[in-house]
Amino acid sequence: AFFDVWYFINGVITVVLARIQLRIRQRGVLEEAVIYGLVTTTDVDMMFHMNNARYSRKCDFGRYYLFTCNGLLSTMWKLGGSVALGASAIRFRRSLQFLSPFRVRTKILCWDDKAFYIEQRIETLKDNFICAIQYCKYPMIRLSPAQLVEATYREPINSPEFPPEVTTFIQMNNISSENLRKSL
């Protein structure tokens with residue numbers, strides 16, 4: 001196939017559902033958003049469990065859903081801003097098997113002057129086990145997270161304290177950036 005049609009269909013469905021949620025009740029900036037999924041034939045590898053790359057892909061949809069149902073996405077577009085995934089680190093704990101139902105829990109943990117820091121947990125529905133956890137740096141383009149949060153909620157909201165996992169994640173990325181600069 002020239003491009004993955006299902007990715008775009010799933011993206012549209014995710015955003016439409018989040019827009020409906022936004023009309024019912026806007027989520028708070030720190031409020032968790034949850035989407036659900038099922039491991040299908042397009043998700044599995046040769047071991048018949050979910051391919052490692054699919055975890056990150058499912059997390060993409062979790063971030064789309066979160067940023068739509070809390071209103072940040074539409075405000076960002078109105079202000080001429082954009083966002084891109086700047087970094088991510090994922091830890092796998094248990095594989096998801098073919099036809100396993102799961103959920104992706106996504107929440108903003110904190111932000112600095114350039115980026116939001118997001119935690120995403122992929123959990124089984126059967127026993128609520130966290131199969132994978134991902135931390136993401138979500139840098140804003142043409143505006144700051146504080147500007148976006150204030151414009152969305154019509155009041156300034158301070159970032160919570162940075163949890164140790166995020167501080168370590170930032171340090172890891174800074175070290176990597178420094179090493180990459182040295183290699184040039």
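For the structure itself, consult the block above.
Here's what I pulled together on the structure shown here. Just so it is clear, the model here is predicted, and its values are computed rather than measured.

Centre distance and the angle of the planes are the two values used to describe a pair of aromatic rings. A complete count under the given rule lists 8 aromatic pairs for this structure. Note on Tyr7 and Phe8: the rings are 5.6 Å apart at their centroids and 85 degrees apart in plane angle, and the pair reads as edge-to-face. Site record: aromatic cluster; members linked through ring pairs are Tyr7, Phe8, Phe61 and Tyr64. The aromatic ring of Phe129 is capped on one face by Arg94, whose charged end is 3.8 Å from the ring centroid.

Computed from the structure, the largest pocket encloses a volume of approximately 370 Å³. Forming the boundary of the largest pocket are 21 residues, of which Asn10, Thr14, Tyr36, Gly37 and Phe61 lie nearest the centre. When residues of the lining of the largest pocket are traced back to their parent elements, those giving at least two are helix 1 (5-24), strand 1 (33-38), helix 2 (52-69) and strand 4 (101-111). Empty space within the second largest pocket amounts to approximately 210 Å³.

Next up on the list: the nonpolar core. Counting residues in hydrophobic clusters, the biggest one holds 36 residues, and the most contacted among them are Phe67, Leu72, Leu96, Ile108, Phe116 and Ile122. Of all the secondary structure elements, the ones that give two or more residues to this core are helix 1, strand 1, helix 2, helix 3 (72-78), strand 4, strand 5 (115-124), strand 6 (130-141) and helix 4 (145-153). For this core, the leading source of residues is helix 2, giving 7 residues. In this structure, Leu96 is in contact with Val39, His49, Met50, Tyr55, Phe102, Ile122, Thr124 and Cys131, ignoring residues within four places of it in sequence. Core analysis: the second largest hydrophobic core is formed by 11 residues, Ala87, Tyr117, Ile133 and Phe169 among them.

Here is what the cut-offs are and how they apply
- Residues numbered from 1 in each chain as written.
- Predicted model: local features only at pLDDT ≥ 70, side-chain atom pairs only at ≥ 80, totals over all residues.
- Heavy atoms only, no water.
- Phe/Tyr/Trp six-rings, centres within 6.5 Å; stacked < 30°, edge-to-face > 60°.
- Lys NZ or Arg CZ within 6 Å of the ring centre and 35° of its normal.
- 1 Å grid on protein atoms, 1.4 Å probe; cavity = no way out; pocket = protein on both sides within 12 Å on 5 of 7 lines; lining within 4 Å.
- Points joined across faces, edges and corners; volume = space filled by probe spheres on them.
- Helix = DSSP H or I, 4+ residues; strand = E, 2+ residues; numbered from the N terminus.
- Core = buried A, V, L, I, M, F, W, Y, C linked by side-chain atoms within 4.5 Å.
- Buried < 20%, exposed > 50% of the residue type's maximum accessible area, 1.4 Å probe, protein only.
- Contact = heavy atoms within 4.5 Å.

So yeah, pure geometry; function would need other evidence.
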